[in-house]
Amino acid sequence: LVRHHLLHRFLFIVMQQTFYRTLLASLCIILTAHAFISTSRHSTTFSSPKSSSLLERSSQNGEDVSKKAVSTITSQKYQGMFEPKSISVVKGGNKQVWDNAWVPNGERREKVKKLVRGMQKDHLKIFRKHRKSENENSNRKKTDYDEKLFLQEGLDVLDQWAQLGEGLKCESAAEEILSSVQLTKLEDYEFHVEAYRRVLHSYYNYYQRITWHGRYKKPKFTLSAQELRIGQEILQSADATLQQMEKLSRDYVSKSKTTRNPRKTLLGTSDYSPLILGYNHVGKPLPALSALRRLTDLFKQNEHMERVAPSMSLYIAVMKAIFNGDNDEWTSQMGEKNTKADIVDKLCRECVTYARNFPQYVGPASSLLQLYNVALDVWSKVLPPTSKRKQSSIFLDEEQAHQLNQVATKVTELWEMMQEDKVVPNSKTYTSLIYAYTKANGLEEAYLMVERLSELLLNEEREQKLERVDSRALRALANALSWNISSIEEGEDANNAEKKIEIAERVERIIDMLWNLTEFGYVGVTPTVFLYTTAVNAWADAQSTESSLRAQMLVDDLENRYQQNKNDSNLVPDITIYNALLKAIAKQPNLVGAAEKAGEIFKSLEDPSSNVSPDLETYNALIQACLASPKDIEKAEQTLERMILTGDPLPMESTYRSVINALLDVPGSVGKAEMWLDRMEERFLSKSNLYERIVLSWCNEVGKATRARQMLERMEQLFKESGIKSLQPTRSCYNAVIGTLEDQGEPGDTVKNSRDEMYGISVNSNKLTSNKEVFALLDEIDSGSIGGSTPVGNTVNFNQAISLLAESENIWAGSRAEDILNFMLELTFKRKNRNAIPNIVTFNSVIAAWAKSNHALAGERSAGVLKKLEDLHDMNQLEDVQPNRVTYNTLMNVYAKASEREDSVHKAQGCMNKLIDLYEKTRDDKYRPDIISYSTLLSAWARSGQPDAAENAETLLLKMIEDSKMNPKHSPQPNTICFNEVLYSWARSGHPNAISRMRTIFQLMYDMNEAGHTTAVPDTRSFNILLLSFANSLRKDSAQRALVLLDEMEQMSVNFGKPDAISYNTIISAFLKKGDMESGMEILDGLLARDDLKLNNRFFSSLIFSLSETDAVDAPAMADTIVKNLLETPEYIVDTRICNSLINCWGRANVDEGPHRAMDILQGMLNGDYGKALPDVATFTSVIDIWAKSGQENAVTKVEEVMELMKGTAGVSPNTQTYTAFIQAVARSNLSNKARKAQEILQLMKDDYSSGNRDARPSLYSYNAVLNAAEFTFGRDVYLEEAFAVACEVFDEARSTMQPDHVTYATFLGVTAQLMPKSGIRNDMVQLVFRRCCMDGQLAPLTIKKFKQAATEQQFL
């Protein structure tokens, strides 16, 4: 030790002399090494031979190093630091111990952690003791050797934590160690960086321990949500540590500039690589991009030093991370202009430039190829999958064309760069190019790449012959080529015909290429049946003279290939390819025997040995083939008739339309065409021009003017009932019928009057004043004949039309109003008509039309109108038109009316927030929310049904009050409507303290009125909301409390709202529901005796309904008394609604005389005993329902009597509910043949609907009722077998005409359990029905219960 200190002292003195530095350099190195060896050999202060030998023996004997080390460290008290040799033994000991230490929370891992903690603790303890002895003994001076030894020991401790992946513990240990090392010398900076590097690698190891499976990293999609979250947090900590290292390195470089030997950065690429790759792994592109930018900046600042040269793999990782990352997060932080594809493209070009300037750092050529492949892959996925893109707006054409051109341009540039860099492309390169060009409509370029790919893959001299090939790009190109054929214009142009054939041949060559690849040895490239279908469709669209032949050859080839490779499921022919073949036959021009050929194919598909069955498209294609030239219309009709009779499948509108149009082309077949139109109306109301075509065809028939007029009248009636624009007769249609009538000597005045009523517009009118004029305007817009007799000269006329549509409140008003807006935009921007520029009134009126339409999509469509306005304004096309307060108020009104949708109220709140933001930014009064804004938002909250709706509504109200006090000039005071909406929201909330909150709100409104705020006056609705809440509360005295409130209301009625019929009805109903009939009737008697109060029929019907909800036995008799008194009082008129309420009251009474009394009331209404009250369909249906639920033996007979009475009543026809109640009566009866009788009623119902009774359309409840009748059929076997047959027929019919629900499946399972004997057939049927039920998503407790009854125990388990 003395020699050690003397040597260092000597060296210190000598080295101060510049002259001797060079001379003694070698001597210094030799003497220092000699001193270190001597000290290590003889010193007992810094070593523990005992511990070293113990660890060495344990390692040699294969014992558990960690266990021995822990016991050794904890049993000995060292006076020196833990010697490096002992640490190396621990690190290099039993390898299995270290591997097991990676197991999370394992026992061995805890032992190793305990060992490292002991090393850290002893290291710091000895260091502090060493520093203390230095301070106490000032004569002893710390040497550089001591410091280096301490620092090395500290780094060894950090190494242990780093290997364990204990990031936090390593960081804590580093802070403890570094707190003793001040940044005074350059070597201190180096040590700090090295320490932090250990921390950095501890985080990297921690990240790997969390996100790796053993030595193999998981793909991102296999990481759980917790693993992703922890991994991201670890990488963020590592990134923070790296940034500390960067700061230290910058200070280090800056400090070294003051010396004679300036130094460069202490960092390297290896510090950044795991971080960037980790960010790519967890899908965090922005931090990965930031780390790469810092590395590239470091590379430039350090004069392109190799140690900090970014590898190409890092660029590739960042590019992948960017494109695979979250789109919303990217857009929110980078903006919409910096798209992912643009940034990836920029990185690719930057990396290519880097590779060209510094080829020594790039690595193998495969890296550059991979870089290009990633960039091409990104551009190939920018556009959506290829499809028949239809423009949804006139402003999207240019934008979409720009996007398509951008993708094609970028891909071409990258391809040229690859050729310039002499990068040899592989199959992935060509695949990405094919995808990109296909999506960008560059089909010629895509097919050129297909040919190059074929040359590449089928080259016999290739080294890697069997690399993976993605055949999806080829299938996508084939699909795009097939669609491209249909886009080529029809005509006599020979070039177009040749082009179609050429494209079809290209699709076929893609199939040949894939088979060549398969035979060459490539895996997974076998052509699929979908690709074959695409090729057949291509030949069908080509419409050449050999289309059917080439299509048949493709189908034959597929069938042969399948016979050779039956294990390949991708080659199984399905119905789609046969449908395509039938289309090819139908579309081939002048094909002789087309119908026969199509019929043969169809017959082969129907063969029981066939693996496929015809579907709707098959039948349609067969009909098209029959209607091809030469036409076989009779066979087409037979096919359509067969579809109707079998119902599998049912024909669609297009099927009927094909046959009808074909018949109308044949002279003398108009009657047949009309017959098929009648049959189509049984299922569809055509929106095409079939009706007008039939009218005009009748006009061309001699002596058929009357038939033409009848069809025209039918069109008028359908148009009035449906509002479908295509059903409105045109002027030319009217004129044709008038001309035909006059030619045959019949008067046409009636048709003229109808035309004038439909299009009665003054030619010289300057305003649109009626809906008729609006319809005429829409007709001219649709027909393109704008500028006829309708005045549409300027914006005002269009705005008038939109306002009239809004006032009509029809469900289609919003759609037609938007049509006018789009036409105005077309006039303005395409036809350059500056007189029809839409203004803010136009847009507000369109949104108002949607608001009043009650359409299900009114909110989305209204928001779309606003978005269109904002886009036009941002594009400076309508720069003077901006949304204002009325715009947002109207849109909020739309959301308030659709408040049952969960997100509607939040969208309304978003409109208010936008309005407030605009006002705060601009201080423009047109954006300042007014009382309509707040009342509309409060209405949205009140009707939303959200759990916190009442609290939010009250908070908004209180904010209004506070703002109006602070700024009364610009903040509106809440009015009565606002307070009522808050009261209503609390009334609907179901909150236990709702009544208390409502009283507080009501008192606040009263106090404001007393203080002089005349806009907040409690009105009748305010009191009625309170009354209803009091009456419906669960308190025993709720009715009495409501009555007290009513008395207060009557006393305050001088200044506030007076009680109305609703108020008194609420009070009486409250007493009746509590069973206090006497109090309720006493209040009623008092009301009837008052001369100042007129009660309406709605009051009495509601009162009788309240009586029916009570449990009182005498409630029906009391209702009878009320109606009798009304009949005797001249001031009141008993109407149908009151009588229906009385019938339902007897029905709810559940007494034996209830059905008979209901029947008497019905008979009395028919006889005039109830004044002017005549029975309607609801009256008859209620009586039938009461008998159906009575359980009496003669119920079915009584129901049949009611049905007979109904048939004899003028103006009343049974509806769906009537027939269903009749079926339920039969189902509840004891009839043995009730299943067959229920089916007959269902058939009667269908016949009634087919004959024109639109209200009698069978519903799913009707079918379920018939199934229920079958399930509970009892008696002889003949009736059971009949019931089972009925159930099967009805179940199949229900499945083919509508979507069965869980009751349908459960009831049919009950039928199988009750009516089928136990057998294998029953088991198979039960399993099939239950599987179908699960596939349709109709699994419910009732279904499971019935399945358990029908299935075997093994099936159920």
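Look up a bit, the structure's there.
Turning next to the pattern of salt bridges. This model, assessed by the stated rule, comprises 44 salt bridges. Two residues, Asp345 and Lys410, come together in a salt bridge whose shortest N-O distance is 3.6 Å. Linking Asp345 in helix α17 (residues 340-357) with Lys410 in helix α19 (residues 396-420), this pair joins segments that are 65 residues apart in sequence. Overall, the relative accessible area of 21% leaves Lys410 in the partly exposed class. Measuring nitrogen to oxygen at the nearest pair gives 3.1 Å for the salt bridge that ties Glu674 to Arg707. With a gap of 33 residues between them, Glu674 in helix α31 (residues 670-681) and Arg707 in helix α33 (residues 705-722) connect regions that are remote in the sequence. A relative accessible area of 12% places Glu674 in the buried class. Judged by its relative accessible area of 32%, Arg707 falls in the partly exposed class. Salt bridges linked by common partners bring Glu194, Arg197, Arg198 and Asp271 together as one network.

Running from N to C, α31 and α33 point in directions that differ by 20°, and their axes come no closer than 14 Å. Looking at the two axes, α31 sits roughly parallel to α33. The handedness of the crossing between α31 and α33 is left-handed. On α33, the residues that touch Glu674, Leu677, Asp678 and Glu681 of α31 are Arg707, Met711, Arg714 and Leu718. A per-class count over the contact of α31 with α33 returns three nonpolar, no polar and five charged.

Let us look at unusual backbone geometry. Here Gln543, not a glycine, exhibits a phi torsion of approximately 50°, which is positive. For Gln543, the location among the structural elements is in the loop between α24 (529-542) and α25 (547-564). For Arg923, which is not a glycine, the phi torsion comes out positive at approximately 55°. By secondary structure assignment, the location of Arg923 is in the loop between α42 (904-922) and α43 (931-942).

At a closest axis distance of 8 Å, the pairing of helix α28 (residues 616-626) and helix α29 (residues 633-646) adopts a crossing angle of 160°. Classified by the angle their axes make, α28 and α29 are roughly antiparallel. The two elements α28 and α29 cross, and the hand of that crossing is left-handed. Facing Leu616, Tyr619, Leu622, Ile623 and Cys626 of α28, the residues of α29 in contact are Ile633, Lys635, Ala636, Thr639, Leu640, Arg642 and Met643. Grouping the amino acids of the contact of α28 with α29 by side-chain chemistry returns nine nonpolar, one polar and two charged.

What follows is about a nonpolar patch on the surface. A contiguous nonpolar patch, built from Leu1339, Ile1344, Phe1356 and Leu1357 and spanning about 400 Å² of accessible area, is present on the exposed surface. Note on placement: Phe1356 falls in helix α64 (residues 1353-1356). Look at Phe1356 and you get partly exposed, because its relative accessible area is 32%.

Our next topic: helix α26 (residues 575-587). Relative to the 18 Å expected for 13 residues at 1.5 Å per residue, α26 spans 18 Å between its end C-alpha atoms, a close match to the ideal helical length. Of all 13 residues in α26, 10 are buried; the element is thus mostly enclosed. Every buried residue of α26 is accounted for by Ile575, Ile577, Tyr578, Asn579, Ala580, Leu581, Leu582, Ala584, Ile585 and Ala586. Looking at the buried side of α26, the elements it contacts are α24, α25, α27 (594-606) and α28.

Between its first and last C-alpha atoms helix α57 (residues 1216-1227) spans 16 Å; for 12 residues at 1.5 Å apiece the expected length is 16 Å, and the two agree. Taking burial as the measure, the 12 residues of α57 include 10 buried ones, the bulk of the element. Among the residues of α57, those classed as buried are Thr1216, Thr1218, Tyr1219, Thr1220, Ala1221, Phe1222, Ile1223, Ala1225, Val1226 and Ala1227. The inward-facing, buried residues of α57 abut α55 (1177-1188), α56 (1195-1207), α58 (1234-1250) and α59 (1260-1271). Put simply, Asn1215 is the residue that caps the front of α57, since its side-chain oxygen is 3.2 Å from the backbone nitrogen of Gln1217.

Thresholds, definitions, all that
Residues numbered from 1 in each chain as written. Predicted model: local features only at pLDDT ≥ 70, side-chain atom pairs only at ≥ 80, totals over all residues. Heavy atoms only, no water. Salt bridge = Lys/Arg side-chain N within 4 Å of Asp/Glu carboxyl O. Helix = DSSP H or I, 4+ residues; strand = E, 2+ residues; numbered from the N terminus. Buried < 20%, exposed > 50% of the residue type's maximum accessible area, 1.4 Å probe, protein only. Axes fitted to C-alpha atoms, helices over the stretch in contact; angles between N-to-C directions. Parallel < 35°, antiparallel > 145°, perpendicular 65-115°, else oblique. Left-handed = near helix turned anticlockwise from the far one by under 90°. Contact = heavy atoms within 4.5 Å. Nonpolar A, V, L, I, M, F, W, Y, C, P; charged D, E, K, R; others polar. Patch = residues over 30% accessible without salt bridge, like charges linked within 9 Å, V, L, I, M, F, W, Y side chains within 5 Å. Areas by Shrake-Rupley, 256 points an atom, 1.4 Å probe, with all protein chains shown as cover. Expected span 1.5 Å × (residues − 1). Polar contact = N/O pair within 3.5 Å; in protein donor to acceptor, adjacent residues only side chain to side chain.

Scope: geometric values only; no functional claims are made or implied.
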